[in-house]
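Reading the structure
Listed below, chain by chain, are the residues.
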Amino acid sequence: MTAQTDQRIPIFICITNSVSGVTSWAFTVRNAFKDHPKYELFLVNLWYAQKSDAFDFNPADLEEAQEIFHTFSPAIIIPNYNWSILHQLTNKNLAFIGMCHSDSEEEYYAPLHTHQESFAKFIAVSDVCGATLTQRLPDRGADIVMLPCGIDVPKAIDRPYQTGPIRLVYGGRIVQKQKRVFDLVDLVTHLEASNVDFVLNIVGEGADCPELKERMSAETKSETVHFLGRKAPAEMDAIWAEHDLFIQVSDFEGTSVSMLEAMGQGTVPVVTAASSGVIGVIEDGKNGIITPVADMQAMAKAIETLASQPESLSSLGKAAHERAKHYSIHSHLTTFTEIIDGAASQLTNARPDLQRLKDWVNKTEAAKDQVRAYKAQLEKLTAESSAKNNLTERQLSQNLADIQLLNQQISDQKNHIQLLEKRLEQSQSDIQALNQQISDHETANQQLEQQLGQSRSDIQALNQQISDHEAANQQLGQQLNQSRSDIQGLNQQISDQHASSSQLERQHDTAVAALNKKLQMEAHKGEMAHEQLQKKDSHIAWLEREVELLNNSFSMRIGRRFYPIKAFFGRLFGRGD
C-alpha cells in the first residue's frame, strides 16, 4: 500500500477472487496506478466466501462493501460484473464507470442498459462491444469509449520455440458457456489421430473443470494433457513464455486479456473466430491463426502444420508481440485516466476523509498482519504437532510391527512344537514297526538257515549235474567241430554248383541271343517276301485293269472271236472266269 496524499481520490475496482482476464487486468491496473498523483486504486473482493491478502478489501457481505464506499466517498467505483453493488447505493459523491468486458447480452448489455442512469462513463473493450452498447444506449453514445484492457508487454522478447513436442496452453475460466472448454477434448482427439507430438497445459478453474477432466480421461488416450489448476496473475507471464501456442476455443469474447497477455510474451495465438475481440487484433497467418468456432478439426490441422514448420513459430511469435504493444498498460492508462477524470468531474467538491481511509487501510493491514502472525504460529504449531504425531505414529507403527513379529514367532514356535509332537508319535509308531520287523526277520532267518542247508544239498547235486553237463558238452563240441567241417564241404559244393549254374546261364544267354538273331533274320526275310507279294499283287491288279481296258476296247470289234484269249488270260492269272 502506497502513502496517500490529501488530493488523491480512491478508485474501487470490484472483482472476485476467481481466475479471469478481468481479475488479471485489475491487478495490472492497480500496479500501474501505485504512484499516480491524483488517484489511488483499491481492489475490493466481492467473493465473500474466499478471502485473499492480495486484495485491499475483503468485505464480509454486500452491506459491508457498501459501507466502505459510503465511508470513503467521494470515490469512483468500477463494479465490472458485480451488478448487485448498485442496489441502494445512491450517494451523490460516488461516480460509477460501466465496463463491458464481453459480447454478452446476459452478462453485460442487459445489466448496463438496466443501470445506465447510475454510470457516468462506459468502457467497451472491443469495437463490437462498443457498437452493440451504443445501439442499446443510443442517448449515451458520447459517454461510451472503446478501450481494450491494458497488459504488461516487455519491450523485447528472446525466447525459444518448439524443440520437442509443440507446447499448447489454455488459460482462463473453465466453463462451457462462452469458453466452450469441452471442445478441447475434440481438439486433443484430432491431434492424437494425426499423431501430432504435443503437450497441452490447462490453467485455471471453473464450474465445468471436473467434467472436463472426466471427458478428457474417458475420450482421449493422451497422457500429455495436464491440469495445472489456479495460478496467480503474477505467475502467468512466465507460463505464457514457456509455451509455443495459446489456445482459445470461445464462442464469444470481449477482447481476451489472456490472449493479449500471451501475445505479449510471443506466444502464438491459435483461436476461434469469436464474435468479438479477435478480428482487428489477429491477422490470420501473420501474427496468429483463426479457425471457425467449434471446428476443432480445422484447429488441429493448423496446429499440425505449425508443429511441422517450427521455423514459422518464431516469425508469428514476434509479430504477435509487436501487435500486443498496441495494448500496453502504459497506452491504456492515458485513455483510462481521461475516462476517470470525466467521471470524477461529476463528484462534489468535498474531498474524501483520506485520514479515515488511511486508518481503515492501516487497520486492515494490521488485521492482515495479525492474521499472518496467527497463520505463521498455527503453521508452526501444526508442523510441531505433525512432527510429534509423525514420530508417535512411527513409534506406534514400529511397536505394532514388533508385536506382529513376536506373534508370528510365537505362532511359528507353536507350529514347530506341534510338528515335533507329530514326529514323536510317528517315531514311536516307527519303533513298534521296527521291533515287529526285527521279530519277523529273526523268524525269516531261521527259515533261511533251513533253506540254506537244503540249498547246500541242492548245490552238491547241481555240481554233479554240472560235471555231467560238462562231459556232454565236450562230446557236443566234438560233434560241432565235425558238423562245421561238413558244412564247409557243403559250402564248397554249393560254390561249385553256383559256378556251374553261372556257366549254364551264360551258355543259355548266348543260345537265346543267337536264336533271337536268327528269328530277326527270318522275320526280315518274311517282311521282304511280304513286300514282294504286295508288289506282285499290285502288278496283277494293274494287269487286270489293262486287260479290262483291252476287253472294253476290242469287245465291240472282235466280239466272241477273242473270248478264248480272255479265258486264257484268266486262267493264266488265276481267275476262274
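Read on for an overview of the structure. The shown structure was predicted, so the numbers you read here are calculated from the model rather than taken from an experiment.

Bringing the nonpolar core into the picture now. Grouped together as the largest cluster of nonpolar side chains are 83 residues, with contacts concentrated most on Phe-12, Ile-13, Trp-25, Phe-69 and Ile-76. For this core, the element with the most residues is helix α11 (residues 329-344), which contributes seven residues. If we ignore the near neighbours within four places in the chain, the residues touching Ile-76 are Pro-10, Ile-11, Phe-12, Tyr-39, Ala-95, Ile-97, Ile-340, Ala-343, Ala-344 and Leu-347.

In this section: the state of the cysteines. This model, assessed by the stated rule, comprises zero disulfides. Looking at the unpaired Cys-129, the closest cysteine sulfur is the one in Cys-100, lying at 4.2 Å. Residue classification places Cys-129 among the buried positions, given a relative accessible area of 0%.

Another aspect to go through is the pattern of salt bridges. With the rule as written, the count across this model stands at 16 salt bridges. The closest approach of N and O atoms between Arg-30 and Asp-56, which form a salt bridge, is 3.0 Å. Of the two residues, Arg-30 sits in helix α1 (residues 21-32) while Asp-56 sits in the loop between β2 (39-45) and α2 (62-71), which places them 26 residues apart along the sequence. Owing to a relative accessible area of 22%, Arg-30 belongs among the partly exposed residues under this scheme. Among the residues examined, Asp-56 registers a relative accessible area of 9% and is labelled buried. Across the salt bridge formed by Glu-253 and Lys-179, the nearest N and O atoms sit 2.7 Å from each other. Taken together, the residues span a long stretch of sequence, with Glu-253 in the loop between β10 (245-248) and α8 (257-264) and Lys-179 in the loop between β7 (166-171) and α5 (183-193) at a distance of 74 residues. For the pair Glu-253 and Lys-179, a shared accessibility class is recorded, and that class is buried.

Structurally, Ser-217 can be placed in helix α6 (residues 209-219). Ser-217 sits in the exposed class, given a relative accessible area of 59%.

Definitions and limits used
- Residues numbered from 1 in each chain as written.
- Predicted model: local features only at pLDDT ≥ 70, side-chain atom pairs only at ≥ 80, totals over all residues.
- Heavy atoms only, no water.
- Core = buried A, V, L, I, M, F, W, Y, C linked by side-chain atoms within 4.5 Å.
- Buried < 20%, exposed > 50% of the residue type's maximum accessible area, 1.4 Å probe, protein only.
- Helix = DSSP H or I, 4+ residues; strand = E, 2+ residues; numbered from the N terminus.
- Contact = heavy atoms within 4.5 Å.
- Disulfide = S-S within 2.5 Å.
- Salt bridge = Lys/Arg side-chain N within 4 Å of Asp/Glu carboxyl O.

Any functional reading would require information that these geometric values do not contain.
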